[in-house]
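Below, each chain spelled out in residue letters.
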Amino acid sequence: MNETYRYALIILFCSAVGLIAVLANRLTERIKVPVALLVLVGAAVAVHAVPAVQPLSEPTVERVITIALVLVLFDGGMHIGPSRFRAAAVPILSVGVLGTGLVAAGAALLLHYACGLGWYVAVLVATAVAPTDPAVVFSVLGKREISGRSSTILEGESGTNDPVGISLMGGLIAAGGLSAAGFVTVGTQFALQMVIGTAVGVVGGRILMVFMRRVALPSEGLYSLRTLASCLMLYGLATLAHGSGFLAVFVAGIVIGDGRAPYKPEIKRFHAALAGLAEIVAFAVLGLTVDLGVIAHPDVWIPGLVLGVGLTVLIRPLAVSACLVRVRLERNERAFILFAGLKGAVPILLGEFLRAAHIADAERLYGIVVVVVVFSVLVQGSSVPGVARLLRLPMRTVETQPWQIGVRLADEPQGVHRFSVARGSAAQGCTVEGLGDRVGDIWVSIVVRPTGLVPVRGDTELQAGDEVVVLADPELHDTLAELFGRA
């Protein structure tokens, strides 16, 4: 077989795997197993059973996962946006930073006393399994979307604790052991990375927002590519400045999340698709690094199961509860946050760091991390829908909307406001004419309900979940936001 046919075979195989992974999302709606686990297990089985499938080198794995994680974090930041972040900033930062440290500490205690691992090794493995991945939670919920702050906290926690976990792991590996001097070094390096990463993200995000709004490009497709290039540039700048590049792109995504810019909906869809592809690629690449023979050893899967169960039923609930003591949340929302700390690609990437650093017995430690992730995704992940129903979390079914109606304008429209009618808000049950009586001179131009477009008349009554486009003076935005927001 010549090189052309060999390359064509590789492309055919990769595209087939990608197509299967995309179609597997329909399967997860029925069996409630996240597609990430199917991809991970499928890749692990393939590399074990098919001689032609070989794992990638450690540097290549780290580079691929780094790019994938940058794309996922940037999209996650844009999805949260500044308004949602401000509403849940305290619990996000508390759980994402302090909670990650408490979870790692609790996991290290369990690994040392219950599994017999040395303190340094226990801390390394515990740090690896501390970060979470909300994408796994939301993938098994399918078309159901959780209302309230719990979903924002889970998304924000993951966007924060991924950079935290990566920074801590880098510092611990560089320290080479546990000592007072080592803790000072790790703490200093961690603080520096967080501060620089945040600063680059805030400043870079604001500059990017100005860039997106004021610099026109000759083609629609270039706008999304510009944002992608800027996102990768922010990662590089923050990393070269000895900051957390991952935190920088997450913060930058938050900064531009709610901002208005040309082709902003198309940009957000582009990055959402890239993030979905990155998630699939990350688990496929990491699956190729899994040695099923190592995982089958009792000294690997038993500590992995012990740690997985301990994290689920004891360590995370206690750690996160301590972080949320003074946060006002509904009891069912709080319980769901304590349960839904699922693991994803980042813990396996951190386990790969241990192998790349040639830590003693790294293969066994990597296997333990993989077992924890598989347990979390399979057992916790498949239980998420049932737990959500048991807790009676407020959820709504979000149907796909493949058809769009709209207009394109050469200049930015002034005084156009788009709101969603929150359940319990003053706008719920109010007529279109009544809105004008409350606020003043406004024009409700479009009302979209899950069933479709609603004719707009004076007596049209707004319902929870309606998407409403209002033409009004820009100064009325805060008044309207309060009217449509949750009471």
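For clarity, every value in this text was computed on a predicted model and none was experimentally measured.

**Student:** Just to check I follow, could you spell out the pairing of strand β3 (residues 416–420) for this structure?
**Tutor:** Where a strand is regular, its side chains alternate between the two sheet faces. What you see with β3 is a clean split: H417 and F419 sit on the buried side and V416, R418 and S420 on the side with no burial. Taken together, the five bridges between β3 and strand β6 (residues 467–472) define a ladder with antiparallel strand orientation. The partner of S420 across the bridge, within β6, is E467.

**Student:** Got a minute to help me understand a nonpolar patch on the surface in this structure?
**Tutor:** The grouping of L109, Y113, W119, L178 and F183 at the surface amounts to a nonpolar patch, some 540 Å² of accessible area in total. Considering the arrangement of structural elements, one finds Y113 in helix α4 (residues 89–115).

**Student:** Help me out: how do you make sense of the pattern of salt bridges in this one?
**Tutor:** Where side chains of opposite charge bring their charged atoms close, a pairing between them can arise. Evaluation of the coordinates by the stated rule reveals ten salt bridges. When the shortest N-O distance is used, the salt bridge between D299 and R364 registers 3.9 Å. One end of the pair, D299, is in helix α13 (residues 298–323); the other, R364, is in helix α16 (residues 362–390), with 65 residues separating them in the sequence. Residue classification places D299 among the partly exposed positions, given a relative accessible area of 39%.

**Student:** When you look at the sheet that holds strand β4 (residues 442–449) in this model, what are you seeing that I'm missing?
**Tutor:** Hydrogen bonds between backbone groups are what pair the strands of a sheet, and the pairing can be parallel or antiparallel. Taken in spatial order, the four strands of this open sheet run β3-β6-β4-β5, and their pairing is antiparallel. Edge positions in the sheet fall to β3 and β5 (452–453), since each has one partner strand and no second. Across the sheet, helix α18 (residues 477–484) touches β3 and β6, and the angle it forms with β3 is around 15°.

Scoring rules and cut-offs
Residues numbered from 1 in each chain as written. Predicted model: local features only at pLDDT ≥ 70, side-chain atom pairs only at ≥ 80, totals over all residues. Heavy atoms only, no water. Buried < 20%, exposed > 50% of the residue type's maximum accessible area, 1.4 Å probe, protein only. Helix = DSSP H or I, 4+ residues; strand = E, 2+ residues; numbered from the N terminus. Pairing = 2+ DSSP bridges. Patch = residues over 30% accessible without salt bridge, like charges linked within 9 Å, V, L, I, M, F, W, Y side chains within 5 Å. Areas by Shrake-Rupley, 256 points an atom, 1.4 Å probe, with all protein chains shown as cover. Salt bridge = Lys/Arg side-chain N within 4 Å of Asp/Glu carboxyl O. Contact = heavy atoms within 4.5 Å. Axes fitted to C-alpha atoms, helices over the stretch in contact; angles between N-to-C directions.

These figures capture arrangement, not role.
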